[in-house]
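Reading the structure
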Amino acid sequence: MADHLPPVAREPAVESGTADEPGVPRPATGDSGLRRSGARGASGPRQAYAAIDLGTNNCRLLIARPAGDSFVVIDAFSRVVRLGEGLAQSGRLSDAAMDRALAALQICADKLRRRNVHLARSVATEACRRASNGAAFIERVRRETGIALNVISAQEEARLAVLGCHILLEQGEGPAVIFDIGGGSTELVLIESGPAVPRILDWQSVPWGVVSLSETCGPEGVDAAQRAARYQRMRSLVDEAFAPFAERIAPARADPPSVESLRLLGTSGTVTTLASLHLDLPSYDRSAVDGVIVPATAMRAIASRLSGLSLAERREVPCIGRERADLVVAGCAILESILDIWPADRLGVADRGIREGILRSLMATGLRRDEAGALRTGQDPA
């Protein structure tokens, strides 16, 4: 049976996929994806902060206001844009993928303007890191939307993911692993719990996410044997990529007295989808999933079952649907490899990550640096 960790002080985000609204002025943006508005002073009681995460598969926005040690979300947006579609074969972002991402970013720009955002940071990850035309796309985004995307390193991506979701890690002693399965890459982080933000002991990013792994392994085949062979190839590719990290963290895995003491927390569409299936939800419910703790054996069983289903069958499974049906198998392969590396008895599930990490960084340091003028130099928040 699933358990829940105590919630943080945050209202549920209202995810939106509405059409772009024309005629809204573009927001002004600064270096490194930082945006400041002069409409209201930094000390105003209703100041808002925003984070945009343009990934290989999704474009996501959160706008929030500080609330004690946490924040309250006042607006949110998420859309599957598949920016990295075809990247594994061509090495470039396709015109159709860039157009989809731009349409989503236009909506984000409108929301920044209407919500009177004081400070924002906008980041792009693996797809823009890898694509030969990534820099040209970033410039096009700036020109057409006013959003200055900062292409962050894999290390920064891992740090922000940890900062955004570590509060959901189970209490305990000794090292723990936090992971983020993305569209174009997966980040694994070995952390040591601290009084506030955990200390990162080791980390690794591999270029396998649900999009890149799916495209590299090609069509899934027409029968169960072909699907099984493709899944095994996925597992082999991911295992090989994870091997250096697995070797380095082996001593930390051996330290705890039992498997029950190993702690593991995942943030991604893969783990939230599988958790939804474990909870037997008729449709996705963030409030039920974010912070839930599920048996690792249950997640493995669900991953194994999904990998054997046809694409048409997966599309009929609640909480998967058409948008994720072709990608969820790759996520299952990555998750199973992670469970082999860090065989925890239970898996914590987080529906939060990079955006929340950005917001925490902005709120913790934005006002102090703004007053010192550091943001005007384009420096990233701590």
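This text goes with the structure placed above it.
Predicted, not measured: the structure shown is a model, and the values here were computed from it. Numbering of residues begins from 1 in every chain and follows the order in which that chain's sequence is written. With the structure being a predicted model, the display of local features is reserved for residues of pLDDT at least 70 and the display and counting of side-chain atom pairs for 80 or more, all residues being used for whole-chain, interface and lining totals. The side-chain values count all of the structure's non-hydrogen atoms but skip hydrogen atoms and water molecules.

What to know about the overall build of the chain
Worth spelling out the cut-off: Helix numbering and strand numbering both begin at the N terminus, where a helix is a DSSP run of H or I of at least 4 residues and a strand a DSSP run of E of at least 2. Using a 1.4 Å probe on the protein chains alone, a residue whose accessible area is under 20% of its type maximum counts as buried, one over 50% counts as exposed, and one in between counts as partly exposed. Any two residues whose heavy atoms approach within 4.5 Å at even a single point are treated as in contact. Only the protein chains shown count as cover for residues, and the accessible areas themselves come from Shrake-Rupley with a 1.4 Å probe.
Counting secondary structure elements, the chain contains 14 helices and 13 strands. A burial count over the chain gives 57% of its 382 residues as buried. Restricting the contact set of the chain to residue pairs at least 6 apart, pairs at least 24 apart contribute 75%. Of the accessible surface of the chain, which amounts to about 15,700 Å², a share of 51% is contributed by carbon and sulfur atoms.

Remarks on helix 5 (residues 154–165)
Every α-helix winds through 3.6 residues per turn, so residues three or four apart in the chain are directed the same way. The following threshold applies: The span you would expect from a helix comes to 1.5 Å times its residue count less one.
Between its terminal C-alpha atoms helix 5 stretches 17 Å, which fits the 16 Å expected from twelve residues at 1.5 Å a residue. For helix 5, the buried fraction is high: ten of the twelve residues fall into the buried class. All buried positions along helix 5 are accounted for by Ala154, Glu156, Glu157, Ala158, Leu160, Ala161, Val162, Leu163, Gly164 and Cys165.

Overview of empty space enclosed by the protein
The criterion, for reference: Using a 1 Å grid laid over the protein atoms alone, points where a 1.4 Å probe fits but cannot get out form a cavity; open sets with protein on both sides within 12 Å along at least 5 of 7 lines form a pocket; any residue with an atom within 4 Å of a point counts as lining. Grid points are joined across faces, edges and corners, and a volume is the space filled by probe spheres set on the points.
Under the definition given, this model contains two cavities of 30 Å³ or more. Here the largest cavity is characterised by a volume of approximately 40 Å³. Lining the largest cavity we find Thr56, Gly84, Leu87, Ala88, Glu126, Ala127, Arg130, Gly184, Val211 and Ser212. Those elements that place two or more of their residues in the lining of the largest cavity are helix 1 (87–90), helix 3 (126–130) and helix 6 (210–217).

Some details on the layout of surface pockets
Heads up, the condition is: Under the scheme applied, nonpolar residues are Ala, Val, Leu, Ile, Met, Phe, Trp, Tyr, Cys and Pro; charged residues are Asp, Glu, Lys and Arg; polar residues are all the others, including Gly.
If you add up the space inside the largest pocket, you get close to 1,100 Å³. Lining the largest pocket are 45 residues, and of these Asn58, Arg60, Ser78, Gly269 and Arg324 sit closest to its centre. Residue assignment for the lining of the largest pocket shows that the elements contributing at least two residues are strand 4 (58–67), strand 5 (70–80), strand 8 (175–181), helix 8 (269–278), helix 12 (321–325) and helix 14 (354–372). Broken down by element, the residue count for the lining of the largest pocket peaks at four residues, all from helix 8. In the lining of the largest pocket, the residues fall into eleven nonpolar, 19 polar and 15 charged.

Quick word on the packing of helix 7 (residues 224–254) against helix 13 (residues 328–341)
For clarity, the threshold we go by: Only the contacting stretch of a helix is used when fitting its axis, a line to C-alpha atoms as for every element, and angles between N-to-C directions run 0 to 180 degrees. In these notes the angle categories are as follows: under 35 degrees is roughly parallel, over 145 is roughly antiparallel, 65 to 115 is roughly perpendicular, and the rest is oblique. Here is the rule for handedness: rotate from the far helix to the near one, and if that takes an anticlockwise turn smaller than a right angle the crossing is left-handed, while a clockwise turn gives right-handed.
Two elements in contact, helix 7 and helix 13, have axes separated by 8 Å at closest approach and are oriented at 30 degrees. With respect to helix 13, the axis of helix 7 lies roughly parallel. Where helix 7 crosses over helix 13, the two elements pack in a sense that is right-handed. Residues Tyr231, Met234, Arg235, Val238, Asp239, Phe242, Ala246, Ile249 and Arg253 of helix 7 lie in contact with helix 13, whose contacting residues are Val329, Ala330, Cys332, Ala333, Ile334, Glu336, Ser337, Ile338, Asp340 and Ile341. Class assignment of the residues belonging to the contact of helix 7 with helix 13 gives a composition of 13 nonpolar, one polar and five charged.

Some remarks on the pairing of strand 3 (residues 48–54)
Keep this limit in mind: If DSSP finds at least two bridges between two strands, the strands pair.
In terms of burial, strand 3 is a largely internal element, seven of the seven residues being buried. Alternating positions in strand 3 separate into two faces, Ala48, Ala50, Ile52 and Leu54 on one and Tyr49, Ala51 and Asp53 on the other, with burial throughout. Both strand 3 and strand 4 contribute to a ladder of six bridges, which runs antiparallel. Among the inter-strand pairings, Ile52 is bridged to a residue of strand 4, identified as Leu61. Between strand 3 and strand 4, which pair antiparallel in sequence order, lie three residues.

Points about the side chain of Arg360
Quick note on the threshold: His is not counted, nor are the chain ends; Lys and Arg add positive charge and Asp and Glu add negative charge. Put simply, a salt bridge is a Lys or Arg side-chain nitrogen that is within 4 Å of an Asp or Glu carboxyl oxygen.
Positionally, Arg360 belongs in helix 14. Despite its burial, Arg360 pairs with no opposite charge; the closest candidate is Glu356, at 7.8 Å N-O. Aside from chain neighbours lying at most four places away, what touches Arg360 is Asp69, Ser70, Phe71 and Leu163.

Comments concerning the pattern of salt bridges
This model, assessed by the stated rule, comprises 23 salt bridges. In this structure, Arg159 engages Glu156 in a salt bridge whose closest nitrogen and oxygen atoms are separated by 2.9 Å. Of this pair, Arg159 and Glu156 are both found in helix 5, three residues apart, which corresponds to roughly one turn of the helix. For Arg159, a relative accessible area of 25% puts it in the partly exposed group. With its nearest N and O atoms 3.8 Å apart, the salt bridge here joins Arg286 to Asp351. Taken as a pair, Arg286 in helix 9 (residues 286–289) and Asp351 in the loop between strand 13 (346–350) and helix 14 lie far apart in primary sequence, 65 residues in all. Of the residues examined, Arg286 reaches a relative accessible area of 16% and is grouped as buried. Put simply, Arg235, Asp239, Arg300, Glu336 and Asp340 are held in one network by salt bridges that share partners.

Details of unusual backbone geometry
Of note in the backbone geometry, Asn116 takes a positive phi value of approximately 55 degrees without being a glycine. Turning to its location among the elements, Asn116 is positioned in the loop between helix 2 (95–114) and strand 6 (117–124). Positive phi, close to 60 degrees, is recorded for Asp280, a residue that is not glycine. Counting through the fold element by element, Asp280 comes out in the loop between helix 8 and helix 9. Judged by relative accessible area, Asp280 falls into the exposed class, the value being 64%.

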